[in-house]
Amino acid sequence: MRIAVGSDHAGFHLKEHVAATLRAAGHEVVDVGTTSPDSVDYPGFARDAAALVARGEAERGVLACGSGVGVAIVANKVGGIRAVNAHDPQEAEMSRRHNDANVVTLSGARLEPGTADEIVRTFLDTDFEGGRHARRVGQIADIEA
Ligand SMILES: O=P(O)(O)OC[C@H]1O[C@@H](O)[C@H](O)[C@@H]1O
């Protein structure tokens, strides 16, 4: 799978870890930055990664900041993006099964690297259930339009 990743300084180390795990698993990673732990502002990085997903240039996105909240807010402002700030694999699973989420966001301050790997693996491996959930996702798209 082609995965867009991005972070600010507070998510940098977790983003680097997750990107390495994804590459080791055979995924293609498109890293929009940041490239160091130096302080930066998260909105541009979150926008750039989300835009790759929205344009179909990446199948999914993984974003990290201190809390995971800032990057989620930004990603959800990009048309076609359904981003979830996941704290555990169960949230990642349900966001895929019911919401067809296409971006997962992570807390660099609170998540252990192994937990983040589990969240991302679950996010990538879980299919959307469709059915009544497709109707609801369609209504989200209508609101967005
Ligand atoms: O490191 P500072 O700038 O204090 O805080 C940045 C973090 O605070 C929140 O907005 C975001 O999670 C962002 O990553």
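Everything quoted here is computed from the prediction, not taken from an experiment.

As for its position among the elements, T105 is in strand β5 (residues 103–107). On the basis of relative accessibility, which here comes to 0%, the residue T105 falls in the buried class. For T105, the side chain forms a polar contact with the main-chain oxygen of G68, separated by 2.8 Å.

We now examine the pattern of salt bridges. Side chains that differ in sign of charge can pair as their charged atoms come close. Within the structure shown, the criterion is met by 11 salt bridges. Its salt-bridge partner being E16, residue K15 comes within 2.9 Å of it at the nearest N-O pair. On the basis of relative accessibility, which here comes to 4%, the residue K15 falls in the buried class. Given a relative accessible area of 33%, E16 falls into the partly exposed group. A salt bridge links R96 to D100; the shortest N-O distance between them is 2.9 Å. Sharing partners across several salt bridges, the network here consists of K15, E16 and D31.

This part covers the site of the ligand. In the vicinity of the ligand, the contacting residues are D8, H9, A10, Y42, C65, G66 and S67. D8 places a polar side-chain atom, nitrogen or oxygen, 2.5 Å from an oxygen atom of the ligand. At 3.0 Å from an oxygen atom of the ligand is found a main-chain nitrogen or oxygen belonging to S67. In the complex, the protein chains occlude 49% of the 360 Å² of accessible area that the ligand would expose alone. Here the shell around the ligand is built from residues that sort into three nonpolar, three polar and one charged.

Rules of the game
Residues numbered from 1 in each chain as written. Predicted model: local features only at pLDDT ≥ 70, side-chain atom pairs only at ≥ 80, totals over all residues. Heavy atoms only, no water. Helix = DSSP H or I, 4+ residues; strand = E, 2+ residues; numbered from the N terminus. Buried < 20%, exposed > 50% of the residue type's maximum accessible area, 1.4 Å probe, protein only. Polar contact = N/O pair within 3.5 Å; in protein donor to acceptor, adjacent residues only side chain to side chain. Salt bridge = Lys/Arg side-chain N within 4 Å of Asp/Glu carboxyl O. Near = heavy atom within 4 Å. Areas by Shrake-Rupley, 256 points an atom, 1.4 Å probe, with all protein chains shown as cover. Nonpolar A, V, L, I, M, F, W, Y, C, P; charged D, E, K, R; others polar.

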